[in-house]
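Working through the structure, step by step
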Amino acid sequence: MPVQRTTDCCIIAPPQQQEETAVIVRSNSTSFDAPHFRKLSDSQRERIHQASLEILERTGVVMDEPEAVELLRRAGANISEDRRVRIPASLVEWAIALAPKRIVLCDRHGRRVMPLEGNNVFYGTGSDCPNVIDVHTGERRPGTLRDIEDGIRVCDALPNIDFVMSLNVADDLEPTTSDRYQMRTMLSNTTKPILAVTTSFEGCVDVIEMAEIVVGGADTMRRNPLCGFYINVAAPLHHDAESLKKLLFLAEKGIPATYTPVVLRGLSGPITLAGAIALANAGELAGLVVAQLKREGASIILSGGTNDLADMRYLGDVYAAPENRVLFMEMGHRYNLPLFGLGGCSDAKLPDQQAAAEAALSLLTETLAG
């Protein structure tokens, strides 16, 4: 089902274990030899890592959730009156070393179908697009719950789709509760792993409880997680209360979660790639520290410093620009932690040649980057 970004798709991928000229990339039971694609050298990755540590230690991040601030205070972070937290580099390195290097997502039946380790790569849909192109009329219109239901059923049947997200927003429902209906629709129409998104902390609690009921309880969910959770953070240096509450709740529950503050280069962060990655990566590492302080060994999926380019002519997000991709994935590889990537995307307004080329090439580069 085409959506506004015509083939908006995501990749969850685990870390690169070691540098090599060829790797094995797996989707389901298929494996094939492929070259490995990189843009950064080891020394460049290290410089970006050190820059991220410098940002956290000297500039710090504002955190709007008192529990997160208190956890960091007890761990030795410097706290200012404006809730600005300056995190020592040693604490960040401790959290990186402690975080699990392997996360396994399961299907409805408890089968461990998505081991995020080694060079495995898994593919799934995107989420929360506001509009769809109606497959029957060709009309571009707001998405509905029925669109999600139809799309998830198709995804459940497609052998190369490993996990699902909600595809689009259900515009025909009340916005404050639509995320629960989207989760119910996914649970009802596929047995594949789910990456959930909610607009509020209360929604996060509800959808995790729904998944626990489906699999047979909280303990079963912790052992064989049917779903992970995607958290979008307000900004790398300003962590909103909702995102931090979700992070703390999921860490305590033992549910895998992403924690992703995105930099829009030129608007919300540096225009340079290296500067933007260092800033966004610092925000992710701050979340990693909070999660490990809440529960040592909390499962966190990184993106490595997600950033997009702002077109200064009209201030739009050039979402599918090739320079946006691969670089930040390499920081996740630097930490040897599971990754969430973005591929199959397009800035085309129609399912046309541009959409096909951008979707194919972004999938290719992201896959080869691991």
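Every value quoted in this text rests on a predicted model; they were computed, and no experiment measured them. (Residues numbered from 1 in each chain as written. Predicted model: local features only at pLDDT ≥ 70, side-chain atom pairs only at ≥ 80, totals over all residues. Heavy atoms only, no water.)

Let's shift gears to the nonpolar core. Within the largest apolar cluster, 72 residues are counted, with the highest numbers of intra-cluster contacts made by Met-63, Leu-72, Ile-87, Met-183 and Leu-250. Considering each element in turn, this core owes the most residues, 9 residues, to helix H9 (residues 273–294). Excluding anything up to four places from it in sequence, Leu-72 contacts Met-63, Ala-77, Val-85, Ile-87, Leu-91, Val-289, Val-290 and Leu-293. Of all hydrophobic cores here, the second largest spans 16 residues; its members include Ile-103, Met-114, Phe-163 and Ile-301. (Core = buried A, V, L, I, M, F, W, Y, C linked by side-chain atoms within 4.5 Å. Buried < 20%, exposed > 50% of the residue type's maximum accessible area, 1.4 Å probe, protein only. Helix = DSSP H or I, 4+ residues; strand = E, 2+ residues; numbered from the N terminus. Contact = heavy atoms within 4.5 Å.)

A separate point is the sheet that holds strand S20 (residues 307–311). The 3 strands are arranged S18-S20-S21 in an open sheet whose pairing can be described as mixed. The open sheet has two free edges, formed respectively by strand S18 (263–265) and strand S21 (316–318), since each of these has just one partner strand. Adjacent strand axes in the sheet meet at a mean angle of 45 degrees, parallel and antiparallel pairs treated alike. Sheet strands in contact with H9 are S18 and S20, and its direction is about 165 degrees off that of S18. (Pairing = 2+ DSSP bridges. Axes fitted to C-alpha atoms, helices over the stretch in contact; angles between N-to-C directions.)

What follows is about helix H4 (residues 145–157). Taking 1.5 Å of rise per residue, the 13 residues of H4 would be expected to cover 18 Å, and the 19 Å separating its terminal C-alpha atoms lies within 8% of that figure. Taken together, the buried positions of H4 are occupied by Leu-145, Asp-147, Ile-148, Gly-151, Ile-152 and Cys-155. For H4, the angular spread of buried residues about the axis comes to 145 degrees, placing them on one side. The exposed set on the far side of H4, more than 90 degrees from its buried face, consists of Arg-146 and Ala-157. Residues of H4 that are buried sit in contact with strand S9 (122–125), strand S10 (131–133), strand S11 (140–142) and helix H5 (178–189). (Expected span 1.5 Å × (residues − 1). Arc of directions from axis to C-beta.)

Turning next to the pattern of salt bridges. For side chains bearing opposite charge, pairing can occur when the charged atoms are close. For the coordinates displayed, the defined rule picks out 22 salt bridges. A salt bridge links Asp-42 to Arg-38; the shortest N-O distance between them is 3.0 Å. Given a relative accessible area of 40%, Asp-42 falls into the partly exposed group. In this structure, Arg-325 engages Asp-308 in a salt bridge whose closest nitrogen and oxygen atoms are separated by 3.7 Å. On the criterion of sequence distance, the pair formed by Arg-325 in the loop between S21 and helix H10 (327–334) and Asp-308 in strand S20 is long-range, its members being 17 residues apart. For Arg-325, a relative accessible area of 2% translates into the label buried. On the accessibility criterion, Asp-308 (5% relative accessible area) is buried. Taken together, the shared-partner salt bridges in this structure form one network comprising Arg-38, Asp-42, Arg-45 and Glu-330. (Salt bridge = Lys/Arg side-chain N within 4 Å of Asp/Glu carboxyl O.)

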